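Breakdown of the fold
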Amino acid sequence: MKERSYMRLNKTIAALFIMLFILTAVRLFSQTPLNQFSIKFETSVAATMVGQDGLVMRTEDGGLNWSVMDAGITNVLFSNESFVYTDPTGGIQTVHFACGENGVIIKSINSGANWSLMTTGTTENLNYIYARKSDEIYVCGNNGTLLFSQDLGETWTSIEVNTDKNLKMMAMAPDVPEINKRMPVIVGDSGTVLVNSDLAGNWTPVVCGTTTNLNAVGFADEQVVIAAGNNGEIIKSIDGGLTWIAVNSGTNVNIFSIKYIRNENKQDLIASAENGIMLISNDLGDNWTVVQTPTTNDLYSVSFGSSDFGITTGEAGTELYTTDGGLTWSENPAGDRFKVSKNEQAKLNQNYPNPFNPSTLISYSINDNANVNIKIYDMTGR
């Protein structure tokens, strides 16, 4: 009887230790705000942001307030996209997409309130989604993955591109009636550049003069293309991506995103980079100015609601705002803004059987992804 009481005491103490370590692990690993990998403006004030652990956030007032949307997944989301189209009845509809880790693509038709998981046929990480119109949507990803949809993302077809490099981003010239040839351009690791001259399934690799990983690409004007990547690498094409020249960026940091903004007075390129660096070009990418923002966190994405107002997002929940076209950046003037951190709640259920001999089942739950350590000790500390 004494031995049995001793065993019950040991098991009670063990359960207390388990609870302590679960709570400690969740607290230790859940304090850092989530990485925000992509932001896209849909109007001058409405934008959607995606990131780590299935993060989807939306603002309709220029970032003063953010709403967290339930995407129903915990996969990392690397890119998001939205576009407006006219349905068969003549109604104006908006659709949102996001893509990311393990081949995931999600879709929303009600401004992010609800999301549907699409079947993609791949488990490769999907790095970028680009929607030209409802029947022409592209997604590129790791190991030469390129997917294409003609039905609003409901079904996806794999396109052969004859490369096993990770494909990071895609860009296409704007729809301009006088442009006869509009060649989509895809960039990726090891200096990979692919162009498509017929808007069909024929993708051609192009020698661009670098073997550096290229992370971003964007059109500036109808035939001017800028690509950027690691170690401050920037290359420029003036013929839609067929030939390239190297450009001095003035920095050696990794560059993650490029946006082209213009109005009647300017045509600027803005790039976001690591260590809180932004780059600005006022001459279609020939020369660049390095801007140090108030953070040293990596800035993964930048988007503009107008030619002057933009938001850049990045590491550990970083959000910075500009009202002068990217010359200066600051935190939201509204003060302390809503940050998304992982929920710290944890629940440990009673183990069964208790006492356990020779085994037991320990059931617990936490609300978000976290690293959890479970350690069991006896009375002597073993």
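Since the model is a prediction, treat every value here as computed from it, not as a measurement. (Residues numbered from 1 in each chain as written. Predicted model: local features only at pLDDT ≥ 70, side-chain atom pairs only at ≥ 80, totals over all residues. Heavy atoms only, no water.)

Moving on to the overall build of the protein chain. Each helix and strand counted, the protein chain has 1 helix and 29 strands in total. For the protein chain, the proportion of its 382 residues judged to be buried stands at 51%. Within the protein chain, contacts between residues at least 6 apart in sequence are counted, and of these 43% link residues at least 24 apart. Carbon and sulfur atoms make up 48% of the accessible area of the protein chain, which amounts to about 17,900 Å² in all. (Helix = DSSP H or I, 4+ residues; strand = E, 2+ residues; numbered from the N terminus. Buried < 20%, exposed > 50% of the residue type's maximum accessible area, 1.4 Å probe, protein only. Contact = heavy atoms within 4.5 Å. Areas by Shrake-Rupley, 256 points an atom, 1.4 Å probe, with all protein chains shown as cover.)

One open sheet accounts for 4 strands, arranged S13-S14-S15-S16; its pairing is antiparallel. Either end of the sheet is taken by a strand with one partner, and the two such strands are strand S13 (167-171) and strand S16 (204-205). Here 4 bridges tie S13 to strand S14 (residues 185-188), and the two strands are oriented antiparallel to one another. Bridged to Met-170 within S14 is Ile-186. (Pairing = 2+ DSSP bridges.)

Glancing now at the side chain of Thr-295. When you line up the elements, Thr-295 lands in the loop between strand S24 (289-292) and strand S25 (299-304). Contact partners of Thr-295, with chain neighbours within four places excluded, come to Asn-275, Gly-276, Thr-318 and Leu-320.

Backbone geometry places Leu-152, a non-glycine residue, at a positive phi of 60°. One can find Leu-152 in the loop between strand S11 (146-149) and strand S12 (157-158). The backbone of Asn-275 sits at a positive phi, close to 60°, despite the residue not being glycine. Owing to a relative accessible area of 36%, Asn-275 belongs among the partly exposed residues under this scheme.

Burial along S14 is two-sided: the face carrying Val-185 and Val-187 and the face carrying Ile-186 and Gly-188 are both buried. Where S14 and strand S15 (residues 192-195) come together, 4 bridges link them in antiparallel fashion. Looking at S15, one finds that Val-185 is bridged to Val-195. Linking S14 to S15, which pair antiparallel, is a turn of 3 residues; within it Ser-190 sits at a positive phi near 60°.

Of all hydrophobic cores here, the largest spans 47 residues; its most connected members are Val-193, Trp-203 and Trp-244. Residue contacts for Trp-203: discarding those within four places in its chain leaves Tyr-138, Leu-146, Ile-159, Val-161, Met-170, Pro-184, Ile-186, Leu-194, Val-195 and Asn-196. (Core = buried A, V, L, I, M, F, W, Y, C linked by side-chain atoms within 4.5 Å.)

Position of Glu-233 among the secondary structure elements: in the loop between strand S18 (224-229) and strand S19 (234-237). Counting along the chain gives 22 residues from Glu-233 to Ile-255, while the straight-line C-alpha distance between them is 7.7 Å. For Glu-233, the residues in contact, after removing those within four places along its chain, are Thr-210, Thr-212, Leu-214, Ala-227, Ala-228 and Ile-255.

By the definition in use, this model includes 9 salt bridges. Salt-bridge contacts for Glu-136 lead to Arg-132; the nearest nitrogen and oxygen are separated by 2.4 Å. Among the residues examined, Glu-136 registers a relative accessible area of 8% and is labelled buried. Given the relative accessible area of 23%, Arg-132 is considered partly exposed. Lys-236 serves as the salt-bridge partner of Asp-286, at 2.8 Å between the closest nitrogen and oxygen. One end of the pair, Asp-286, is in the loop between strand S23 (277-281) and S24; the other, Lys-236, is in strand S19, and 50 residues separate them in sequence. Among the residues examined, Asp-286 registers a relative accessible area of 39% and is labelled partly exposed. With relative accessibility at 8%, the residue Lys-236 sits in the buried group. (Salt bridge = Lys/Arg side-chain N within 4 Å of Asp/Glu carboxyl O.)

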